[in-house]
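# Report on the structure
Read off the chains here:
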Amino acid sequence: MISRAAAPTVRHEPGVARRPDSSGVVTASDGVRLAYDVYGSGAPTILLLPSAPIIHSRQWKAQIHFLSRHYRVVAFDGRGNGRSDRPTDAAAYIDERITGDIVTVLDATDTDRAVLVGLCGDGVWRAILLATSRPERVQGIVAFAVGVPRLSPPHPHRTRWAFDDELPTDEGWAKVNRHYWRRDYPGFAQFFFEEITSEPHSTKAIEDAVDWALDGSVDAMIADADADFDLDLAAVEAICQAVRAPMLLVHGSKDSCQPLARAERLSELTGAPLVIVEGADHMIPGRHPVIANLLIRNFVRSLEEGEP
């Protein structure tokens with residue numbers, strides 16, 4: 001059974017650069033309601049994938065206003081945050097459910113094919129899975145902060161503390177812990193986004209991300225952390241090698257969430273070009289929007305010209 005609560009009212013930021021041309025709510029196959037927005041017009045459609053349940057579709061606010069001047073742009077709140085439902089069963093967050101949500105939103109917005117843009121594992125790995133399971137729906141992929149699991153060991157600071165244990169400290173990365181999340185989820189959100197948005201003058205980007213995280217649910221975050229993932233390295237690499245859609249990989253040289261080695265290995269497996277943003281941490285679309293926007297636009301232009 002999927003446990004759901006009614007989608008809550010989410011804080012809306014003043015001064016939004018672009019309002020959606022249309023919005024809707026669609027129901028996934030397991031009954032979870034997903035809220036989406038459509039901006040602009042023109043081909044191809046760019047689908048901005050959620051990094052839910054930790055944050056919602058406002059993570060792409062710096063991309064939407066730019067890309068929708070030229071293309072049709074779709075964004076949606078992933079299950080667990082924003083205006084979408086927040087299931088609390090771990091089974092609701094397995095890969096098959098999330099890739100199914102992408103197809104559900106594509107269908108609801110009358111989108112046959114789209115260029116997928118994703119961040120970290122939630123966006124990048126699920127884009128890869130969809131490109132191998134439903135290749136006819138994926139025109140291309142732009143992958144920021146490549147978070148494909150298993151492709152390299154994680155950063156040592158991510159493995160020092162066990163997520164499930166009662167820990168003797170809640171300092172630093174020990175905050176990535178189910179018990180701490182229940183005690184002080186805002187404290188985790190503040191720490192986490194400060195760590196992965198470490199560039200100077202990042203106060204606004206951090207404040208935004210923390211606010212978006214607090215529009216979510218600690219129960220959804222824990223359910224997502226408990227979701228099964230039973231693929232080994234060989235299986236993950238085989239899936240990556242099966243991608244036939246053009247890809248562009250973008251990774252920060254100082255990414256403290258996902259090792260650069262993961263992006264390098266994905267590039268080796270797929271032949272996709274890798275752009276390394278020197279000095280950048282994890283949140284490239286939010287912290288370095290001009291770079292991110294131009295990379296997405298130029299990638300889409302290359303598809304239109306037949307030169308991925």
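Residues numbered from 1 in each chain as written. Predicted model: local features only at pLDDT ≥ 70, side-chain atom pairs only at ≥ 80, totals over all residues. Heavy atoms only, no water.

A separate point is the overall build of the protein chain. Per the secondary structure count, the protein chain includes 10 helices and eight strands. In summary, the protein chain has a C-alpha radius of gyration of 18 Å against a globular reference of 19 Å for 308 residues, a match within 12%. Counted over contacts in the protein chain with a minimum sequence separation of 6, partners at least 24 positions apart contribute 76%. Of the roughly 13000 Å² of accessible surface on the protein chain, a fraction of 50% belongs to carbon and sulfur atoms. Measuring between centres, the 32 positive side-chain charges of the protein chain sit 4 Å from its 43 negative side-chain charges. (Helix = DSSP H or I, 4+ residues; strand = E, 2+ residues; numbered from the N terminus. Rg over C-alpha atoms; globule rule 2.2 N^0.38 Å. Contact = heavy atoms within 4.5 Å. Areas by Shrake-Rupley, 256 points an atom, 1.4 Å probe, with all protein chains shown as cover. Lys, Arg positive; Asp, Glu negative; His and termini not counted. Charge placed at Lys NZ, Arg CZ, Asp CG, Glu CD.)

Take the sheet that holds strand β8 (residues 274–277) next. Two pairing modes exist for strands in a sheet, parallel and antiparallel, and in both the strands are linked by backbone hydrogen bonds. The sheet built from eight strands is open, its strands ordered β1-β2-β4-β3-β5-β6-β7-β8 with mixed pairing. Where the open sheet ends on each side, the last strands, each with one partner, are β1 (22–27) and β8. Taken over all neighbouring pairs, the strand axes of this sheet differ in orientation by 20° on average, direction set aside. Bridge count between strand β5 (residues 114–119) and strand β6 (residues 138–144): six bridges; the pairing is parallel. Its bridge partner being in β6, V117 is matched across the sheet by V142. Seen against the sheet, helix α3 (residues 120–133) touches β5, β6 and β7 (247–252) and runs at an angle of roughly 145° to β5. Each of β7 and β8 is contacted by helix α8 (residues 260–270), which is oriented at about 160° to β7, the strand it contacts most. (Pairing = 2+ DSSP bridges. Axes fitted to C-alpha atoms, helices over the stretch in contact; angles between N-to-C directions.)

This part covers the packing of aromatic side chains. According to the stated counting rule, one finds nine aromatic pairs in the structure shown. Taking the centre distance of 5.2 Å and the plane angle of 80° together, the rings of W173 and F191 count as edge-to-face. You can see W173 sitting in the loop between β6 and α4 (178–196) and its partner F191 sitting in helix α4, a full 18 residues away along the chain. Judged by its relative accessible area of 12%, W173 falls in the buried class. Residue class for F191 comes out buried when judged on its relative accessible area of 12%. Seen from their ring centres, W181 and F188 are 5.0 Å apart, and the 45° between their planes marks the pair as tilted. Accessibility assignment for this pair places W181 and F188 in one class, buried. The residue whose ring lies beneath K175 is F191, and the NZ or CZ to ring-centre distance is 5.5 Å. (Phe/Tyr/Trp six-rings, centres within 6.5 Å; stacked < 30°, edge-to-face > 60°. Buried < 20%, exposed > 50% of the residue type's maximum accessible area, 1.4 Å probe, protein only. Lys NZ or Arg CZ within 6 Å of the ring centre and 35° of its normal.)

Right, let's get into the nonpolar core. The biggest cluster of nonpolar side chains holds 51 residues, and the ones touching the most others in it are I46, L48, F144, W181, F188 and F193. If one sorts the elements of this core by residue count, α4 sits on top with nine residues. (Core = buried A, V, L, I, M, F, W, Y, C linked by side-chain atoms within 4.5 Å.)

Our focus in this paragraph is the packing of helix α2 (residues 95–108) against α3. Close contact between α2 and α3 brings their axes to 10 Å; oriented N to C, the two are set at 75°. Judged on the interaxial angle alone, α3 and α2 are roughly perpendicular. Residues D95, I98, T99, I102, V103 and L106 of α2 touch α3, and the partners they reach there are W125, R126, L129 and L130. Among the residues making up the contact of α2 with α3, the classes are represented as seven nonpolar, one polar and two charged. (Parallel < 35°, antiparallel > 145°, perpendicular 65-115°, else oblique. Nonpolar A, V, L, I, M, F, W, Y, C, P; charged D, E, K, R; others polar.)

Another point: the pairing of strand β2 (residues 33–39). Counting buried positions along β2 gives six out of seven residues, so the element sits mostly inside the fold. The pairing of β1 with β2 spans six bridges and is antiparallel. Bridging from a neighbouring strand, T27 pairs with R33 of β2. Taking the residues that link successive antiparallel strands as the turn, the β1-β2 hairpin has five residues, and the phi of G31 there is positive, at about 95°. Alignment of β2 against strand β4 (residues 72–76), held across four bridges, turns out to be antiparallel. Bridging across to β4, Y39 finds its partner in V73.

For the protein chain, the average pLDDT comes to 93, and 94% of its residues sit at 70 or higher. Taken as a whole, residues 1–12 scores under 50 in pLDDT and shows 34 contacts with residues more than four places along the chain or in a different chain. (pLDDT = per-residue confidence, 0-100.)

Bringing helix α5 (residues 203–214) into the picture now. In this model, α5 (12 residues) spans 17 Å end to end at C-alpha, consistent with the 16 Å of a helix rising 1.5 Å per residue. Among the residues making up α5, those that are buried are I206, D208, A209, V210, W212 and A213. Against α1 (61–67) and α4 lie the buried residues of α5. (Expected span 1.5 Å × (residues − 1).)

Take the pattern of salt bridges next. Where charged atoms from two side chains of opposite charge come close, those side chains can pair. Evaluation of the coordinates by the stated rule reveals 18 salt bridges. For the salt bridge of E136 with R134, the shortest nitrogen-to-oxygen distance reads 2.8 Å. Given a relative accessible area of 42%, E136 falls into the partly exposed group. Residues D208 and K204 are paired through a salt bridge, measuring 2.9 Å at the closest nitrogen-oxygen approach. Separated by four residues within a single helix, D208 and K204 lie in helix α5, roughly one turn from each other. (Salt bridge = Lys/Arg side-chain N within 4 Å of Asp/Glu carboxyl O.)

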